[in-house]
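Descriptive structure summary
This is what each chain is made of:
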Protein chains: 2
Amino acid sequence: MSDRVRVAVDAMGGDHAPGEIVKGAVDAVLTRTDIEVILVGMEDRVKEELSKYTYPQDQVRVVHASEVIATEEPPVMAIRKKKDSSIVVAMNLVKRKEADAFVSAGSSGAILVGGQLIIGRIKGIERPPLAPLIPTEKGVSLLIDCGANVDARSSHLVQFAKMGSIYMENVVKVKNPKVAIVNIGAEEEKGNALVKETFPLLKGCPDIHFIGSIEARDIPSGYADVIVCEAFVGNVILKLYEGIGSTFKRMLKKGLMSTAISKIGAVLVKPSVTQTLKAFDVSEYGGAPLLGLNGLVVKTHGSAKANEVKNSVIQCVAFKEQQINEKIKQNIIVEE
Amino acid sequence: MSDRVRVAVDAMGGDHAPGEIVKGAVDAVLTRTDIEVILVGMEDRVKEELSKYTYPQDQVRVVHASEVIATEEPPVMAIRKKKDSSIVVAMNLVKRKEADAFVSAGSSGAILVGGQLIIGRIKGIERPPLAPLIPTEKGVSLLIDCGANVDARSSHLVQFAKMGSIYMENVVKVKNPKVAIVNIGAEEEKGNALVKETFPLLKGCPDIHFIGSIEARDIPSGYADVIVCEAFVGNVILKLYEGIGSTFKRMLKKGLMSTAISKIGAVLVKPSVTQTLKAFDVSEYGGAPLLGLNGLVVKTHGSAKANEVKNSVIQCVAFKEQQINEKIKQNIIVEE
């Protein structure tokens, strides 16, 4: 029992809460015996959903939280005022070491703020980055940082590079992951003030495999495993990925339905086209870890359904087993 | 004759120079009688290419330039040292009003630097932005700025918004174009320091149709006509568009060829899929104007072939006819 990874799940967060969230949590414990899920939210509603399923009783618990933080609420205020919200209650479980990890499809802002204010940063970590996996031609790359804390400093980016390397190496199992910094040209002298300042610092890091600049056009081909950038740029990259993907899908469908001959062909190519589109769908890749906190926080898409919730919960196991936080503490040399 | 728009073309710039460049220039004068092309470059090589075609002799001239600026040369140095390069010679033609516009597929850096140093900015314009058209579901949007001058100030972005509006309204013929600023959330209080400072300034502009923030995911759907951003972010957007497009194309082709049934279907869907992919190909949309200079400079892709060169040359006609620079001078109120 004590060997199980205890994952607090925000039963009230996201567009499909609590139904899909509870279903995803149940699916996770049905898949793995080494997980205990703690569903945090309005007890009666969560139990009503739970009653639809059969599952090992000792792997699921419910912790009541009477409030819900809405996506549009100002994060700092929400975290401070709503002490009995599912996010605050769940984060306190992580803080008190009663849970190893927290998964939520709720307000990104509240999760980022709560992570810092309640769970707290690992000593020496200046800023916890949000680091989603994005699909590429070769598999996935880690895009670090896509969080809400913009206008980063070079020392933050160096820590992002180190934490990202540890995550890709140990959780995603990419050996000696290639680290690159997002830039507007391949040459070292290119870039804005932040990139120019950060480049030599990354070049001088002995514990990462820094390969230099990456232009945005080379991101989808999988040129680097860890893509380091400031959060504003990371957010643009992540959301443009989503936007181009869904626009493309709509246009392609429209194109395939445009002529009678094409419609017949569409039936024949459907399985392979669907697979290709799926491989490039950001939402297929589960949650984004918020790295550098005293406990794991995973943010899944607001639109997450059961499958994504399940994958996000399972993802927490590798994180704990690989002792990512211990590795972060050991490897990130802090100048104090 | 004097009514013709005189377009200087860099015969030596780009991956396919001089062959495709000369071909594109000839195609332009064969399409329109109101254009005179001035091919600038090594006379013997340009004339050798010209000898392959039949065209109205009074619409094409050659001006000799003995040097070529390579893409990898440091721009400022190249512009200062290579006085007889095709870029410098052509820009001097624009400066002396012997040409109305300049089209080049050569070094972006040299073109941006030369534009400012040789042709010069319109009085009051703080920074000339590079503004390509990018494909969207509804047509095209103007992405301004994608240039080499990063770390912009809010006053620059306000000028970009105004110049972009004038261009979209008069050259691309979008009535009352919607202007949005790239941001990481829809709310006014979101963003980095630059966006937060710029947002209220744009909101207070009486002469543009400002619709607020645009998240990167809404760019491909055509939510705004003029997309305002700082050059680093603009460069990331433009190049990610290119990168996702070409990766997608490769993956889709691979997917279509993966099974026997899919291969048969592929033959049937090919015309409609090709059309869809083409609509989302950035290189289909010709050159990007460098706005705010005392003359028009259009940068086409380094990989431009004849068709793109032709379109870029023709694009200069609307720019001159619509008196874009006069409109920029009248509409952009300068605080001095």
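Described in the following lines is the structure provided in the data block. (Residues numbered from 1 in each chain as written. Chains lettered and ligands numbered in written order. Predicted model: local features only at pLDDT ≥ 70, side-chain atom pairs only at ≥ 80, totals over all residues. Heavy atoms only, no water.)

What follows deals with the sheet that holds strand β7 (residues 178-183) of chain A. Residue and element names in this part refer to chain A. Pairing within the open sheet is mixed, and its 5 strands lie in the order β5-β6-β9-β7-β8. The strands lining the two open edges of the sheet, one partner per strand, are β5 (133-135) and β8 (209-215). Between one strand axis and the next, the sheet turns by 35 degrees as a mean value, whatever way the strands run. Note: β7 against β8, 6 bridges, orientation parallel. (Pairing = 2+ DSSP bridges. Helix = DSSP H or I, 4+ residues; strand = E, 2+ residues; numbered from the N terminus. Axes fitted to C-alpha atoms, helices over the stretch in contact; angles between N-to-C directions.)

Let's shift gears to the relation of the copies chain B and chain A. In screw terms, the move from chain B to chain A is a rotation of 180 degrees and a rise of 0.0 Å along the axis, fitting with an RMSD of 0.1 Å. Put plainly, the chains are arranged around a two-fold axis. When each C-alpha of chain B is compared by its distance to the rotation axis, G265(B) comes out closest, at 2.0 Å. Interface overlap between copies is the fraction of interface residues in one copy that are interface residues in the other; for chain B against chain A it reaches 100%, indicating a shared surface. (Least-squares fit on C-alpha atoms with pLDDT ≥ 70 in both. Contact = heavy atoms within 4.5 Å.)

Residue and element names in this part refer to chain B. Within the open sheet, the 6 strands sit side by side as β3-β2-β1-β4-β11-β10. Their pairing is mixed. Among the strands making up the open sheet, the edge pair consists of β3 (60-64) and β10 (288-290). Between one strand and the next, the sheet's axes are offset by a mean angle of 25 degrees, whatever the strand orientation. Two strands pair when backbone bridges link them, and β10 and strand β11 (residues 296-299) are joined in this way by 3 bridges, in the antiparallel orientation. Paired with A288 across the bridge in β11 is K299. Most of the contacts of helix α1 (residues 19-31) go to strand β2 (residues 35-41), to which it runs at about 165 degrees, and overall it touches β1 (5-10), β2 and β3.

All names here are of chain A. As for its position among the elements, I208 is in the loop between α7 (193-203) and β8. Distance from I208 to G255, taken between C-alpha atoms, is 45 Å for residues 47 residues apart in sequence. In this view, I208 contacts A161, K162, S165, V179 and L202; residues no more than four positions away in its chain are not counted.

Within helix α4 (residues 86-95) of chain A, 8 of the 10 residues are buried, which leaves it mostly tucked inside the rest of the structure. Remark: K97(A) follows α4(A) within two positions and exhibits a positive phi of approximately 60 degrees. (Buried < 20%, exposed > 50% of the residue type's maximum accessible area, 1.4 Å probe, protein only.)

Time to look at the pattern of salt bridges. Applying the stated criterion across every chain, the model contains 30 salt bridges over all chains. The partner of R32(A) in a salt bridge is D34(A), and the shortest N-O contact between them spans 3.0 Å. Judged by relative accessible area, which is 27%, R32(A) ranks as partly exposed. For R153(A), the salt bridge goes to E126(A), with nearest N and O atoms at 3.5 Å. Of this pair, R153(A) sits in the loop between β6 (140-144) and α6 (154-170) while E126(A) is found in the loop between α5 (108-119) and β5, placing the two residues 27 residues apart along the sequence. If you follow the salt bridges from partner to partner, you end up with E215(A), R217(A), K239(B) and E242(B) in one network. (Salt bridge = Lys/Arg side-chain N within 4 Å of Asp/Glu carboxyl O.)

Our next topic: the pairing of β1(B). All names here are of chain B. Most of β1 is tucked away: 5 of the 6 residues are buried. Judged from the 6 bridges that link them, β1 and β2 form a sheet pairing that is parallel. Pairing of D10 across the sheet is with V40, part of β2. For the handedness criterion, the β-α-β arrangement of β1, α1 and β2 is classed as right-handed. Here β1 runs beside strand β4 (residues 101-104); their pairing, made up of 3 bridges, is parallel. Across the sheet, A8 pairs through a bridge with F102, a residue of β4. (Right-handed = clockwise from strand over helix to strand, strands pointing away.)

By themselves these figures say nothing about function.
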